[in-house]
Amino acid sequence: MTANLEVTDGVGTILLDRPPMNALDVATQDRLRELAEEATRREDVRAVVLYGGEKVFAAGADIKEMQVMDHAAMVVRSKALQDSFTAVARIPKPVVAAVTGYALGGGCELALCADYRIAADNARLGQPEILLGLIPGAGGTQRLARLIGPSRAKDLIFTGRHVKAEEALTIGLVDRVVPAAEVYEQAHAWAAGLAKGPALALRAAKESVDAGLETDIDTGLTIERNWFAGLFATEDRLRGMRSFVEEGPGKAKFL
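*Asks:* Honestly, the overall build of the protein in this entry has me stumped. Any pointers?
*Replies:* The helix and strand inventory of the protein stands at eleven helices and nine strands. Relative to its 255 residues, the protein shows a buried fraction of 43%. Entry remark: accessible area of the protein is about 13200 Å², with carbon and sulfur atoms responsible for 58%. Positive and negative charge centroids in the protein, built from 30 and 35 side chains respectively, lie 2 Å apart.

Below, the structure is given as structure tokens:
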């Protein structure tokens, strides 16, 4: 297997396992889609960590594999590539990327599919496809611009340069920088905390933000309103409000 799903305490870790650099070949791309769909289905998975191991997140696509593809082959493959990453982005549960070492090209694009990114202090991120005469093809031109703004995204995409962890934090490409030895521990703790929360409300929050970003403000507010009202039909809402009234804020325990 090029990747697998490990579940502990409500947290599913999607672990890339293609030494030495976790190059994202076709088999790994397809496996990511399968694991994202499994994490979506499984009720025992309430939050997800994307992780490449202690040394590297993912150093990009498998260039040797791509080199032999012609235009016709890539017309077919590029859709499957994007679908794999979109499956990760659409996991309806909190997702955190634990970024160690290199997260370049497809590796950076995979991290962009997470809701939150925790990076090692020695991490390096970037979209170097331009150096191959290409552009990002797994969502980089779209998700990166939405995350850090178009001008900063263009700088990274046009130059192909790598950014170190501190610059990535400054421009909003990652959300937290920690010592390399603590990356997975902190990512798992972030996910585990949310795994104890109200699953439907978290799903509603994620969909409201993500779908709202793709539309106008009035439509976004309608999405929010419908989810907000709909949550009044859930046991979690009853449990949360009852606990607030009887015990004070922040003490509710959700199923």
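*Asks:* Would you mind showing me how to read the pairing of strand β1 (residues 3-8) here?
*Replies:* Looking along a regular strand, one sees the side chains alternate between the two faces of the sheet. As paired elements, β1 and strand β2 (residues 11-16) share six bridges and run antiparallel to each other. By the bridge assignment for β2, Ala-3 is matched with Leu-16. Here β1 hands over to β2 after two residues, with Asp-9 in that stretch at a positive phi of 55°.

*Asks:* Help me understand the packing of aromatic side chains in this model?
*Replies:* Geometrically, a pair of aromatic rings is defined through the distance of the ring centres and the angle of the planes. Overall, the coordinates contain three aromatic pairs when judged by the stated rule. Ring geometry for Phe-228 against Phe-232: centres 5.5 Å apart, planes inclined by 70°, an arrangement best described as edge-to-face. The exposed category is assigned to Phe-228, whose relative accessible area is 56%. Classification of Phe-232 as partly exposed rests on a relative accessible area of 39%.

*Asks:* Sorry if this is basic, but what is going on with helix α1 (residues 26-41) here?
*Replies:* Helical geometry note: an α-helix holds 3.6 residues per turn, so side chains three or four residues apart project in the same direction. The end-to-end C-alpha distance of α1 is 23 Å, a good match for the 22 Å that 16 residues give at a rise of 1.5 Å each. Within α1, the full set of buried residues consists of Thr-28, Gln-29, Arg-31, Leu-32, Leu-35, Ala-36 and Ala-39. Taken end-on, α1 shows its buried residues confined to a sector of 160°, consistent with a single buried face. Against the buried residues of α1 lie β1, β2, β3 (47-51), α3 (71-89) and α4 (106-112).

*Asks:* Please clarify how the environment of Leu-134 should be interpreted in this entry.
*Replies:* Mapped onto the fold, Leu-134 is located in the loop between β7 (124-126) and α5 (140-148). Residue class for Leu-134 comes out partly exposed when judged on its relative accessible area of 38%. A sequence separation of 102 residues divides Leu-134 from Asp-236, and the C-alpha atoms of the two residues are 47 Å apart. What Leu-134 contacts, discounting residues up to four positions off in sequence, is Met-66 and Glu-129.

*Asks:* For this particular structure, what's the right way to read unusual backbone geometry?
*Replies:* One can expect most non-glycine residues to show negative phi and most peptide bonds to be in trans. In this structure, the amide linkage connecting Pro-19 to the following residue, Pro-20, adopts the cis form with an omega of 0°. The phi dihedral of Asp-9 falls on the positive side, at around 55°, and the residue is not glycine. Structurally, the position occupied by Asp-9 is in the loop between β1 and β2. One non-glycine residue, Asn-22, lies in positive phi territory at about 55°. Note on placement: Asn-22 falls in the loop between β2 and α1.

*Asks:* Even after reading the chapter, I still don't get the side chain of Asp-236, so can you show me in this structure?
*Replies:* Following the sequence through the fold, Asp-236 ends up in helix α11 (residues 235-247). Look at Asp-236: it is buried, it has no salt bridge, and the nearest opposite charge is Arg-239 at 4.8 Å. The residues touching Asp-236, leaving out its near neighbours within four places in the chain, are Pro-198, Ala-199, Leu-200, Phe-254 and Leu-255.

*Asks:* Is there a simple way to think about the sheet that holds strand β5 (residues 102-104) in this case?
*Replies:* Two strands in a sheet stick together by hydrogen bonds in their backbones, pointing the same way (parallel) or opposite ways (antiparallel). Pairing in this open sheet of three strands is mixed, and the strands run β5-β7-β8 from one edge to the other. Each edge of the open sheet is held by one strand with a lone partner, namely β5 and β8 (162-164). Averaged over all pairs of adjacent strands, the angle between their axes in this sheet comes to 20°, without regard to strand direction. By the bridge criterion, three bridges tie β5 to β7 in an arrangement that is parallel. When the sheet's bridge partners are listed, Tyr-102 is paired in β7 with Arg-124.

*Asks:* Would you mind showing me how to read a negative patch on the surface here?
*Replies:* Together, Asp-121, Glu-166, Glu-182 and Glu-185 line one region of the surface with negative charge. Examined against the element boundaries, Glu-182 turns out to sit in the loop between β9 (176-178) and α8 (183-195). Judged by relative accessible area, Glu-182 falls into the partly exposed class, the value being 32%.

Conventions and cut-offs
Residues numbered from 1 in each chain as written. Predicted model: local features only at pLDDT ≥ 70, side-chain atom pairs only at ≥ 80, totals over all residues. Heavy atoms only, no water. Helix = DSSP H or I, 4+ residues; strand = E, 2+ residues; numbered from the N terminus. Buried < 20%, exposed > 50% of the residue type's maximum accessible area, 1.4 Å probe, protein only. Areas by Shrake-Rupley, 256 points an atom, 1.4 Å probe, with all protein chains shown as cover. Lys, Arg positive; Asp, Glu negative; His and termini not counted. Charge placed at Lys NZ, Arg CZ, Asp CG, Glu CD. Pairing = 2+ DSSP bridges. Phe/Tyr/Trp six-rings, centres within 6.5 Å; stacked < 30°, edge-to-face > 60°. Expected span 1.5 Å × (residues − 1). Arc of directions from axis to C-beta. Contact = heavy atoms within 4.5 Å. Salt bridge = Lys/Arg side-chain N within 4 Å of Asp/Glu carboxyl O. Axes fitted to C-alpha atoms, helices over the stretch in contact; angles between N-to-C directions. Patch = residues over 30% accessible without salt bridge, like charges linked within 9 Å, V, L, I, M, F, W, Y side chains within 5 Å.

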